[in-house]
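Residue strings, one per chain:
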Amino acid sequence: MSVSVESEAASFHASEAQNNLRRILESCSKLAEGGDFHESEGTISELVIFLDSLLDAALSDPDNDHAENIAFEALSEIHRYICSPSLDQEVVDALSFELPKAVSKFVSISSRFLDMAISIIDQFIAKCGPRDMLSILCNTLGYSSEMTKAASYVIPPLSGLSKVFISIQRRQFEQVKEAVPMILNVLKAVSLESDEADLEGVFDRAVEIANSICEVCNKLESVAKEKLRALLGLYVLQCLALVSASLSYKASSCRSMVLQLSRMSSYCGLSYLNLVTTYDVETVACSVFGEDKDDMGCLSHVKHGAALSVIWGHASKEVAHTAKEDLVAIKDELRNNQTKRWQAIGTLKHVLSFVNLPWELKKHTINFLLCITDGAIPGNYDDEHSEWSSYMPNLFSALQAVKMVIMYAPDPELRKEAFAVLKGVLADIPISQRFDIFKALITNTDSSSMIAILIDLVRREMHTEICSNTSTVKNVAQIDNKAYPDTLFWTPSVLELVELVLRPPQGGPPSLPEQSDAVLSALNLYRFVLMTESTGKTNSTGVLSRSSLLKAYNEWLLPLRTLVTGIMAENKNDYDQLAIDSVCTLNPLELVLYRCIELVEEKLKQST
């Protein structure tokens, strides 16, 4: 086919599509003007199907500029049609229900389609009431779950909503409240499914919506204004969490959005100290939405956003300045006030446990925690037990999150800082609760290396207690028959920790060499307790009782010896790398195991 023939064919197809479109639009006008709404619905459906066919043609062959141009001309024709001052309102109203969806689908083709789709929606906003368009655009957003390129699709309706909010003249709070859950649910769904490049435009519009709500707030007074500010605060924090998780930490677009959201957070009266300590998402959400749990489901990451507000301020002086915050004063306040420090630790865990967040933000969080725990002033534990014990579940879950950083952070320096935070938070917990926290951490850990670290920390706690109490005893003229005063780690419970590893609850000896780190640490703890109690002529843990010695000997040590000697024998003459690694791993364990067996046998002889 010659070039001229191709050109003629393309022109024919373009004119054919244009004629079809004009025919359908004219039919829409006549039917709507005549009040034949049933027939007009059918014609509008025909229009949508026609537009979908143009979209499919353009997307099926991205290199086909002709198909793309035909599609763009079709949208341009629709735009001219809607802009016509002679077009009856009945026709505009009829088309407004379906066309926002139909034209938003084209945005995935190119940026010029985005501009055209927004212009078409803007025309509907200008010609229809804001209340009707609010409902229509929310319905358009809801359709995004049907789209494969949802991120680009939602941009025009989001852009439209930011303009509709400003146009609402009555019951602003109630109408914004109806739309926000839909917006946030769509943002969350899109952010989890789309590429970063597609999301910048989405979050730009999400920030525009926040600016619009802010503008509406300034028009209101008293209760309505405060309620809308509270809603805006929730919206901003949820958006901040989604932006932080979806966009690159170093991207300029991410920083720009964080700055804008931080400014609005400050406008809502959300101070860093309040966000990291006493900001109660449930209470604020209830004040906004009442008891409607469905609406509150859209706020699943508000707590993450509250924590991230502070962390972004810690990471960037520009962000802190925009939020009008003094991080030095806040850190001092948290170091000096244990209750607020515990509240902050409980809030910041949300950053560490949020899988989608970049490691850079988790690193800043660990650094912030290090700042507020290093040199922290301990609290007064003479208060009512229930007053501070209520914080323990939150501290435990925070330690669980810190533990995950120690285990999985790619940066050795970050793992080292996280370990320092782990020790700092544990040291901040009242000693009467600390052992239970250790036990819970060990019980809820699968990693052998992590269990080994925790058991070693228990041993250090016990050593510290002995050193402290020995020093106390030397300065006391008359004491009881006990070698040391009461201690909280030197109890029979410590042997339960040893048993958890050497004789797991599921039965049998531990799995080796997989659990070798944990087993070695448990053996070292048992040996330390046995030798210390023997030297001090005490039996606080019950380790020296004959029944305890027999249990350790028959149920822990001998089965473990059988397992270790069997593995060593199997790999003795095997020279592949796996066998060599197994032998090297078990060598130190074997030495400590035999020393424990010798000590127990010696004590059993003495007890007969």
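Our structure is the block above this text.
This text gives an overview of the structure that appears in the document.

Analysis parameters
- Residues numbered from 1 in each chain as written.
- Predicted model: local features only at pLDDT ≥ 70, side-chain atom pairs only at ≥ 80, totals over all residues.
- Heavy atoms only, no water.
- Helix = DSSP H or I, 4+ residues; strand = E, 2+ residues; numbered from the N terminus.
- Buried < 20%, exposed > 50% of the residue type's maximum accessible area, 1.4 Å probe, protein only.
- Contact = heavy atoms within 4.5 Å.
- Areas by Shrake-Rupley, 256 points an atom, 1.4 Å probe, with all protein chains shown as cover.
- Polar contact = N/O pair within 3.5 Å; in protein donor to acceptor, adjacent residues only side chain to side chain.
- Expected span 1.5 Å × (residues − 1).
- Salt bridge = Lys/Arg side-chain N within 4 Å of Asp/Glu carboxyl O.
- Core = buried A, V, L, I, M, F, W, Y, C linked by side-chain atoms within 4.5 Å.

## Regarding the overall build of the protein
The secondary structure content of the protein amounts to 29 helices and 0 strands. Residues counted as buried form 50% of the 608 residues belonging to the protein. The long-range fraction of contacts in the protein, counting pairs at least 24 apart against all pairs at least 6 apart in sequence, stands at 76%. Accessible surface, the protein: about 28000 Å² in total, of which carbon and sulfur atoms supply 50%.

## Section: the environment of R255
Turning to its location among the elements, R255 is positioned in helix α12 (residues 252-267). Overall, R255 belongs to the partly exposed group, its relative accessible area being 28%. C-alpha of R255 to C-alpha of W312: the two residues are 57 residues apart in sequence and 9.2 Å apart in space.

## Some words on the side chain of T538
Take T538: it is sitting in the loop between α27 (516-536) and α28 (546-571). T538 sits in the buried class, given a relative accessible area of 14%. Here the side chain of T538 touches E533 through a polar contact of 2.3 Å, side chain to side chain.

## Some details on helix α24 (residues 431-443)
For α24, which comprises 13 residues, the first-to-last C-alpha distance of 19 Å matches the rise-based estimate of 18 Å (1.5 Å per residue) to within 8%. Residues of α24 that are buried include every one of Q433, R434, F435, I437, F438, L441 and I442, and no others.

## Some points on the pattern of salt bridges
For the coordinates displayed, the defined rule picks out 19 salt bridges. Members of the salt-bridge network, linked through shared partners, are R22, E77 and R80.

## Structural notes on the nonpolar core
If you look at the biggest cluster of nonpolar residues, it comprises 208 residues, and the most contacted ones within it are F165, I183, L187, Y235, Y279, L523 and Y526. Among the elements that line this core, the one with the most residues is helix α11 (residues 222-246), at 12 residues. For Y235, the residues in contact, after removing those within four places along its chain, are V180, I183, L184, L187, A206, I209 and A210.

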